[in-house]
Amino acid sequence: MSERWLYGWGLGSIALGGASLVVPLYLVDLGGGPVVLGLLAAVAAFVGVPGALVFGRIADKTGKRRTLVLAALALITAAIAVIPFLGSLIPVIIANGVIWFAFAAATPVVTLLAVADVPESDWSDQIALLNKYQGVGWAIGLLVGALWTALGARLLPADLVIRTLFVPLAACAAVGLLFGSRTLPPDPTTRLGSTVSGDRLRRALRRSDRFSVRTVTFPVTVGRADFRGLHPRQFVDRFTPTLALYFLAIFLCFAGFSAFFAPLPAFLTETGFGSDGIFVLYLVSSIAAAVCFGVTGSLARKWDAELLQIVGLSARSLAFPLVAVVCLALGITAVGSGLAAVVFALIGVTWAVIAVTAGTLVTQLSPTAIRGEAHGMYAALGALAGGVGSILGGWLAAESYLVAFGTAGGLVLSGALIVGFVRRRTTSNRRPTQTVGSLSPSERTETVDLAQSE
């Protein structure tokens, strides 16, 4: 299958990467504080799973993959284009919700497009290629934001810098829509669900989901999970106490991630960082994560994945309040900005560790019969926790950013402690020779070569 249509989705990802930060900054310009930013992130989180479920099942029933992807790109284009004309907070929050509903809705359909008419043996490579286009597009969107705001601060009135940034982002989405309308493969003559579904696709997703720079600094949207096979009641009836304990850790950690990131743009603005500097910090974090995914995957093959995740979570729990300490103590001085960039790079590195090891651990801890559903539940819990954490972080930050970021770090550290308890349980039940290095090649592929969260 031709890969030209991926350029259209990559252009849409540029718009999404820029929008992930420019919308919060625009709300700050409109007078929105941390509570408003928490609500903004919560809405984006809560619409994700329903959007993915609805569009995924419509694609299965109708086979209208092309139409659904184009509809999502049209919604993204329209919502980004209309936001700078909105002068009050609630309409902007609603429009932002439309953007992330459309993105989440398109995600499973785009995944199905990537594997259509491709031999099953190549599914993982195709999904990895899709993730690469999306991840590179996201990073370029942050770069566009950094360059636009840096130049705009010198050429435009201050109140127009952020507002005009929506123009190139909407243009990228519109060009992606136009390009997609010409290059997206035609809808199949038979329903896609009859040929691409179930455990085989979920296994391919788990093996190939490695380029998740989006969730480094925007942890509220769903991962590239196959929600079509998720049946919560059946899943709960069959999952184990150890897996339930790990999911509690996941919920606490993602709540902590969002409690930190939701009010972060307001905090950075109030401490003196310009919009260009904020975009650069987010970009540094994303690049650091992208660089470390491969290294982390290699470490996960050799070391204890649970221990590696505990280290990553513990480091991230310290990095969150450290951002507040550095920025409040040193401000936007050369030393302060440099240290802030180092801390953001550390946050990116820790995400690479967490993302890779989480996929591995969900697989290891899940009974074989529900392994695919377990990954869908992991993504759904992450989105739910993102909404809860965003509201909590915004509410606490209205009183004190240091308290909010400290609480975020505490939630992540609590998750790390629970992972440590999970490790004790699994170590005591594991045969001494049953290490990752001793697994068969097929088992090793299932348990190690993963990076959930897109």
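Note that the coordinates shown come from a computational prediction; the quantities given were computed from them, not determined experimentally.

1. Section: helix α7 (residues 158-183)
When the terminal C-alpha atoms of α7 are compared, their 39 Å separation across 26 residues agrees well with the 38 Å that a helix rising 1.5 Å per residue should span. Regarding α7, the residues found buried are V161, I162, T164, L165, F166, P168, L169, A170, A173, G176, G180 and T183.

2. What about the packing of aromatic side chains?
Geometry of an aromatic ring pair is reported as the spacing of the ring centres plus the angle between the planes. Applying the stated rule across the entire model yields 18 aromatic pairs. With a centroid separation of 6.4 Å and an interplanar angle of 10°, the aromatic rings of W9 and F103 are classed as stacked. In this pair, W9 is assigned in helix α1 (residues 5-29) and F103 in helix α5 (residues 89-115), connecting sequence segments 94 residues apart. Given a relative accessible area of 3%, W9 falls into the buried group. Through a chain of ring-to-ring contacts, three or more aromatic side chains come together here, namely F254, F257, F260, F261, F267, F320, W351, Y378, Y401 and F405. Positioned above the aromatic ring of F257 is the side chain of R316, whose terminal nitrogen or guanidinium carbon lies 4.6 Å from the ring centre.

3. Structural notes on the pattern of salt bridges
Across all of its chains, the model carries one salt bridge by this definition. The partner of D304 in a salt bridge is R423, with the nearest N and O atoms 2.7 Å apart. You can see D304 sitting in the loop between α13 (275-302) and α14 (305-330) and its partner R423 sitting in helix α17 (residues 401-429), a full 119 residues away along the chain. Looking at R423, the relative accessible area reads 29%, which means it is partly exposed.

4. Section: α5
With 27 residues, α5 ought to run about 39 Å at 1.5 Å a step, and its terminal C-alpha atoms sit 40 Å apart, in line with that. The largest bend in α5 is about 30°, located at T107, with the proline P108 one to four residues further on. Counting buried residues in α5 gives 21 out of 27 residues, a clear majority hidden from the surface. With its phi angle positive at about 60°, D117 sits one or two positions after the end of α5.

5. What to know about the nonpolar core
One finds L264 and L268 to be the most contacted residues of the largest nonpolar core, which totals 132 residues. Summarising the domain contributions, this core has at least three residues from each of domain 1 (1-186) and domain 2 (237-430). Setting aside residues no more than four positions away along its own chain, L268 makes contact with F273, I278, L281, Y282, C327 and F344.

6. Section: the side chain of T271
When you line up the elements, T271 lands in the loop between α12 (264-270) and α13. Contacts of T271, omitting those with residues within four sequence positions, involve C327, L328, G331 and I332.

7. Notes on the environment of A106
Its place among the elements puts A106 in helix α5. Excluding its chain neighbours within four sequence positions, the residues that come into contact with A106 are W9, F55 and A72.

8. Some points on the confidence of the model for the chain
Looking at the chain as a whole, the pLDDT averages 83, with 83% of positions reaching at least 70. Within the chain, the lowest mean pLDDT, 41, falls on helix α18 (residues 441-447), and the highest, 95, falls on α12. Considering only residues more than four positions removed or in separate chains, one finds that residues 431-454, a stretch of pLDDT under 50, has 66 contacts.

9. Section: the packing of α13 against helix α15 (residues 334-365)
Contact geometry of α13 with α15 gives a least axis separation of 7 Å together with a crossing angle of 40°. By crossing handedness, the relation of α13 to α15 is classed as right-handed. On α15, the residues touching L281, Y282, V284, S285, A288, A289, C292, F293, T296, G297 and A300 of α13 are A340, A341, F344, A345, I347, G348, V349, W351, A352, V353, A355 and V356. Partitioning the contact of α13 with α15 into residue classes produces 19 nonpolar, four polar and no charged.

Thresholds applied
Residues numbered from 1 in each chain as written. Predicted model: local features only at pLDDT ≥ 70, side-chain atom pairs only at ≥ 80, totals over all residues. Heavy atoms only, no water. Helix = DSSP H or I, 4+ residues; strand = E, 2+ residues; numbered from the N terminus. Expected span 1.5 Å × (residues − 1). Buried < 20%, exposed > 50% of the residue type's maximum accessible area, 1.4 Å probe, protein only. Phe/Tyr/Trp six-rings, centres within 6.5 Å; stacked < 30°, edge-to-face > 60°. Lys NZ or Arg CZ within 6 Å of the ring centre and 35° of its normal. Salt bridge = Lys/Arg side-chain N within 4 Å of Asp/Glu carboxyl O. Bend = angle between axes of the 7 residues up to and from the residue. Core = buried A, V, L, I, M, F, W, Y, C linked by side-chain atoms within 4.5 Å. Domains from an automatic or database assignment. Contact = heavy atoms within 4.5 Å. pLDDT = per-residue confidence, 0-100. Axes fitted to C-alpha atoms, helices over the stretch in contact; angles between N-to-C directions. Left-handed = near helix turned anticlockwise from the far one by under 90°. Nonpolar A, V, L, I, M, F, W, Y, C, P; charged D, E, K, R; others polar.

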